[in-house]
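Listed here are the chains, written in short residue letters.
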Amino acid sequence: MRTITKAMQFIEMQARHFNLNSKQLYSQTKSLLMLYRNVVWSVKNRANNLQSEIAGTYGMQLNTALLYLSDFAPERAKEDFEITVSNLFQSHWLIKLIDLALRYVYDYPIYGDTYASILKFRFLEEAKRNDSTVSKMLSLERSTYYDRKKESILLLGVSLWGFVIPNALATYKRIAYLNVSEDDFFNRVSMEQNKQKLNLGP
């Protein structure tokens, strides 16, 4: 059995801070990453036409999707989770949420750049790349790459479920009846995120 890296220990500590189970969080985050490409890129040509104009059109549906993710149940079958996320989320919502979470990953004081690059190259970009290709792109030895990959997935989960989703839900509650545009909603979420002091890492 391989020794848990010090970086992973710190990330697991952050997960505990948010009362998140590391094993469950890792599994759920990986499931979300594995379906990301299908949800997003399969409809990318019409994504720009899906933008809603007022809160009344996107509000309840987006709120329902956020609540589902915020109260994720790891015991659900992976297939059920993927189907539900695919049905609940418009592709551009998923893009925005993952982008917000990726900012925290990028700013992480240890290996932040590497984590963000692994997530983008391996899971988030349209081009499909295997682990061997990504490890070569980043000039990482095989064992180091797999350590950083596992750490990056868990860190994205901490960022998404610890910061982004709670922030998005709180923002929605404040502006649900203001008829703000969808773009304005996500801009407000982003501004709230920028106000927060990043407290990740050792």
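In short, a report on the structure.

Scoring rules and cut-offs
- Residue indices follow the written sequence of each chain, beginning from 1 at its first position.
- It should be noted that, the model being predicted, local features are given only for residues of pLDDT at least 70 and side-chain atom pairs only at 80 or more, the latter also being counted only at that level, while totals for whole chains, interfaces and linings use all residues.
- Side-chain numbers here rest on the full set of heavy atoms in the structure, without hydrogens or water.
- To qualify as a nonpolar core, a set must consist of buried Ala, Val, Leu, Ile, Met, Phe, Trp, Tyr and Cys residues joined through side-chain atoms within 4.5 Å.
- In this scheme, a residue with accessible area under 20% of its type's maximum is buried, one over 50% is exposed, and one in between is partly exposed, where area comes from a 1.4 Å probe on protein chains only.
- Numbering goes from the N terminus for both helices and strands, where a helix is a DSSP run of H or I of at least four residues and a strand is a run of E of at least two.
- Here, expected helix span is obtained from the residue count minus one, scaled by 1.5 Å.
- The arc in question is formed by the directions pointing from the helix axis toward the C-beta atoms.
- For Phe, Tyr and Trp, rings pair up if their centres lie within 6.5 Å, where Trp contributes its six-membered ring, and each pair is then called stacked (planes under 30 degrees apart), edge-to-face (over 60) or tilted (otherwise).
- Whether a charge sits over a ring depends on NZ of Lys or CZ of Arg being within 6 Å of the ring centre and within 35 degrees of the ring normal.
- Residues count as neighbours in contact if any of their non-hydrogen atoms are within 4.5 Å of one another.

**Some remarks on the nonpolar core**
Across soluble globular proteins, nonpolar side chains show a tendency to be buried alongside one another. With 51 residues, the main nonpolar core has Leu-119, Leu-160 and Phe-185 as its most contacted residues. For this core, the element with the highest residue contribution is helix α9 (residues 142–175), accounting for 14 residues.

**Some details on helix α1 (residues 6–17)**
Compared with an ideal rise of 1.5 Å per residue, which puts twelve residues at 16 Å, α1 spans 17 Å between its outermost C-alpha atoms and is within 8% of the ideal. For α1, the complete set of buried residues consists of Ala-7, Met-8, Ile-11, Gln-14 and Ala-15. When α1 is viewed along its axis, its buried side chains cluster within an angular range of 115° and face the same direction. Relative to its buried face, α1 has exposed residues pointing more than 90 degrees away, namely Lys-6, Arg-16 and His-17. At the C-terminal side of α1, Asn-19 shows a positive phi close to 60°.

**What to know about the packing of aromatic side chains**
Enumeration over the complete set of coordinates arrives at five aromatic pairs. On the basis of an interplanar angle of 70° and a centroid distance of 5.1 Å, the ring pair of Phe-18 and Phe-163 is categorised as edge-to-face. Linking Phe-18 in the loop between α1 and α2 (22–41) with Phe-163 in helix α9, this pair joins segments that are 145 residues apart in sequence. Judged by relative accessible area, Phe-18 falls into the partly exposed class, the value being 25%. Relative to Tyr-115, the ring of Tyr-108 has its centre 6.1 Å away and its plane inclined at 45°; by these criteria the two rings are tilted. Of the two residues, Tyr-108 and Tyr-115, neither departs from the other in class, the shared state being buried. Here the guanidinium or amino end of Arg-122 rests over the ring plane of Phe-123, the centre of that ring lying 5.3 Å away. Stacked on the ring of Tyr-26, the Lys or Arg Lys-150 has its end atom at 5.8 Å from the ring centre.

**Here we look at the side chain of Thr-5**
Within the secondary structure layout, Thr-5 lies in the segment before α1. Given the relative accessible area of 18%, Thr-5 is considered buried. Each residue touching Thr-5, except ones within four places of it in the same chain, is listed here: Asp-147, Arg-148 and Glu-151.

**Comments concerning the side chain of Ser-22**
As for its position among the elements, Ser-22 is in helix α2. The buried category is assigned to Ser-22, whose relative accessible area is 15%. Apart from residues lying up to four places away in sequence, Ser-22 is in contact with Glu-12, Ala-15 and Leu-154.

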